[in-house]
Amino acid sequence: MPKQRAILGLPLPRMAPRRISFLLVLMGLFALFTLLVTLPNAIPTGPSLSKSIADHKFSLPKYKDKFSSSILNPFRPASHKPPEQRNSTYGGSSWYSNWNWRSPFSSSITLDENRSLLPPLKDRAPIYCYYDTTAQREPATKEAESALLLTWRRAWWAQGFKPVILSAAEAMNNPFYDELQRLEMEPTFKKDMMRWLAWENMGGGLLSHHLMFPMGTREDPLLSFLRRGEYPGLTRWEGFENGLFAGPKNEIASAISQALRSPKNKSAKDFIAAVPSDTFRVDPSHDSLAFYDPKTVEKSYPKVAEEITANRDRGLKGLNLLINYHLHNTWQDIFSSGIAVLKPLPAHTTRMIEPALNLAARLVACSDSPVPASCPPNLRKCTPCVSSHPMKISTPARYRNTTDLYTIATVPHPYTLRTMDSLRSAIDVSWIRRETKRDEWLYRVFQELLGTGISGSARVVKFKDAVAGDYATSHSLWLTAEKESVPHDLDWWFGFDIPHNSTDDGKSETPVPGPERRPKPQHDPADGPVPSNDDLSHEPRLLEKAREVAKSKVQGDVRIRSAIEAWNLADTEAWRFAKAFLARSRVERLKWEEEESKYAGGVGSDTDEARGSSWLRWGDDNEEES
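Residues numbered from 1 in each chain as written. Predicted model: local features only at pLDDT ≥ 70, side-chain atom pairs only at ≥ 80, totals over all residues. Heavy atoms only, no water.

(A) Spotlight on the overall build of the protein chain. Check the secondary structure of the protein chain and you find 25 helices and 17 strands. Within the protein chain, the proportion of its 626 residues that are buried is 48%. Counted over contacts in the protein chain with a minimum sequence separation of 6, partners at least 24 positions apart contribute 76%. Carbon together with sulfur atoms contributes 54% to the accessible area of the protein chain, which is approximately 33700 Å² in total. (Helix = DSSP H or I, 4+ residues; strand = E, 2+ residues; numbered from the N terminus. Buried < 20%, exposed > 50% of the residue type's maximum accessible area, 1.4 Å probe, protein only. Contact = heavy atoms within 4.5 Å. Areas by Shrake-Rupley, 256 points an atom, 1.4 Å probe, with all protein chains shown as cover.)

See below:
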């Protein structure tokens, strides 16, 4: 019996199959008629996609101008690479300075995978001091004074200035020089006038005594003002006498003219006494500057003053040690929370970060000083360095942007990281694809700061800010793992002579200084697991193998290196950026050092041949690296 169908309990009349087919055909025709006739009339026509639908025309989508210029556009026409800039290669690194340096991947601008995009170099405000090369000195005294000038140059360079030593040669080029020679005046005043003539000849700016030192944070308001290089009027600082001046060229020339024509020029002892009192603006704020003039040394450091009186060259060496100790101690006070040596994958990277740990140990040590536990003249309430209570050294896995914590990081090439973390001597492409995570180093380093839901491109932008952003260089140092030791010129990076041997920590130890017989420091669980002796025994061999592959030109090594770089684009970008940034900072200083060594008899130059040769071996230009 056929089944009776119903809707809402009401029976439906039975229909023949032909009638059902005919009804479905009519409904289909009605729907098609509605779509083709009524729909175009309901859509307003105009220069839009709706007109194309109304006119029954279909066209391929077109790229807008903004997108067609993007590197993601597959139809983008080929273009030339940006031209190479001067002094843009060193030690296997190459770079291009551009305001778009925060782009996640440098190749989008440089069109070169091996060329890093760096921020433009900031103009350094020149700061001048005068050294009388015409005076006769004993060789030992000249050497001691040259060492003091080197300490002066190094301290100001680390604070972002360009220290320049002037001599009588610059003063003789001044139009006022002939007039000065015809006048009778006190020898001290004439020497001071030569100093001012040399300064005016250079176009003004900052004129410093060679015993004036920056002793504060890089963010200090006064140092930031001086770094800008814009000085509206002739200024000196209260209590410093002739220690520091700032001013434009025209006002300096006007002051020199007043001093030469002043009725006091025969009896005046210095420049300030020869000009009217309203010539200068006197600034009372100078908490970040330390002046080691004879009065200050005699009052605060009588032992050094007595040594200078008894034996000048030996006393000057003692004063130089005292100033370097204060510069180092001020740096330690600024970073009261200690030094963080990053170790994002702590299981098997102990040997990889060992150079950074050794540098940290030198930085927390106390520099030699003729007056131990003393404070700089501008910081009477400092915390003197005591070897029995050194700064804390930690090895956290995460980067922390903390003002009072200094960070030293070792950035590895992805091949080096995977070799060390897996303890594998051989790596192939299939293992890279199946067993490794992408950009894990950046992920671990910035996990605490950025969280987990951030792409690799966003992390690499944050990395670039941490390396090269404003004030970044004074709060962190980013090395590469493929070098066997840290650069030998880091004294210029920090602004003081770093101790080369850690001093005694005040605890009883065995007489043999070998590390195997020293007491083991207490481990902090927050620094990650303690590696086993077996793992430590394998790490040096694997690290050496990774360093060889990083600069190898063998086809198999190049293929594996290229594969792991393509798998870790953000980590590779970070490694190249850190490597190029540090290389450029060395090139900048070396070129300046080479130029300045030609003047003032080369006094104040870093003439340590051993250090120089080691440094050049460390970053040899002929060394080709990936």
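Next comes the rest of the account.
(B) A look at the packing of helix α14 (residues 312-334) against helix α15 (residues 354-364). The geometry of α14 relative to α15 is characterised by a closest axis approach of 10 Å and an angle of 110° between their N-to-C directions. One way to sum up the angle between α14 and α15 is to call them roughly perpendicular. Residues His-328, Trp-331 and Gln-332 of α14 pack against Arg-362, Leu-363 and Val-364 of α15. Across the contact of α14 with α15, the residue classes break down as three nonpolar, two polar and one charged. (Axes fitted to C-alpha atoms, helices over the stretch in contact; angles between N-to-C directions. Parallel < 35°, antiparallel > 145°, perpendicular 65-115°, else oblique. Nonpolar A, V, L, I, M, F, W, Y, C, P; charged D, E, K, R; others polar.)

(C) Spotlight on the state of the cysteines. Tallied over the full model, the rule gives two disulfides. Here Cys-366 connects covalently by a disulfide to Cys-385, the sulfurs 2.0 Å from one another. Measuring the twist about the S-S bond at about -85°, one finds the Cys-366-Cys-385 disulfide to be left-handed. Taken together, the residues Cys-366 in the loop between α15 and β15 (393-394) and Cys-385 in the loop between α15 and β15 connect sequence positions 19 residues apart. On the accessibility criterion, Cys-366 (12% relative accessible area) is buried. Across a sulfur-sulfur distance of 2.0 Å, Cys-375 and Cys-382 are joined as a disulfide pair. Taking the torsion about the S-S bond as the criterion, the Cys-375 to Cys-382 disulfide, at about -90°, is left-handed. The residues Cys-375 and Cys-382 share a single accessibility class, namely buried. Taken in sequence order, the bonded cysteines of the protein chain link in the pattern 1-4, 2-3. (Disulfide = S-S within 2.5 Å.)

(D) Focus on the nonpolar core. Residues Tyr-292, Ile-339, Phe-463, Trp-478 and Phe-494 are the most contacted members of the largest nonpolar core, which totals 99 residues. Among the elements that take part in this core, helix α24 (residues 569-596) stands out by supplying ten residues, more than any other. In this view, Phe-494 contacts Ala-158, Trp-331, Leu-363, Tyr-406 and Leu-477; residues no more than four positions away in its chain are not counted. Counting 32 residues, the second-largest nonpolar core is a separate cluster that includes Leu-197, Phe-245, Ala-253 and Ile-256. (Core = buried A, V, L, I, M, F, W, Y, C linked by side-chain atoms within 4.5 Å.)

(E) Structural view of the sheet that holds strand β17 (residues 476-480). Strand order in the open sheet made by the four strands is β15-β14-β16-β17, with parallel pairing throughout. At either end of the open sheet lies a strand with only one pairing partner, and these are β15 and β17. Looking at chain direction, strand β16 (residues 406-411) and β17 are connected through five bridges and run parallel. Pairing of Thr-410 across the sheet is with Leu-479, part of β17. (Pairing = 2+ DSSP bridges.)

(F) Spotlight on the environment of His-210. One can find His-210 in the loop between β8 (204-208) and β9 (212-214). A C-alpha to C-alpha distance of 9.6 Å links His-210 and Leu-244, two positions 34 residues apart in sequence.

(G) Structural context of the pairing of β8. Within β8, five of the five residues are buried, leaving the element largely enclosed by the surrounding structure. Two elements, β8 and strand β11 (residues 244-248), share five bridges in a ladder whose sense is antiparallel. Bridging across to β11, Gly-205 finds its partner in Gly-247.

(H) A look at the sheet that holds strand β4 (residues 93-97). Spatially, β3-β4-β5 is the arrangement adopted by the three strands of the open sheet, whose pairing is mixed. Edge positions in the sheet fall to β3 (89-90) and β5 (115-118), since each has one partner strand and no second. Judged from the four bridges that link them, β4 and β5 form a sheet pairing that is parallel. Within β5, the residue paired with Tyr-96 across the bridge is Leu-117.

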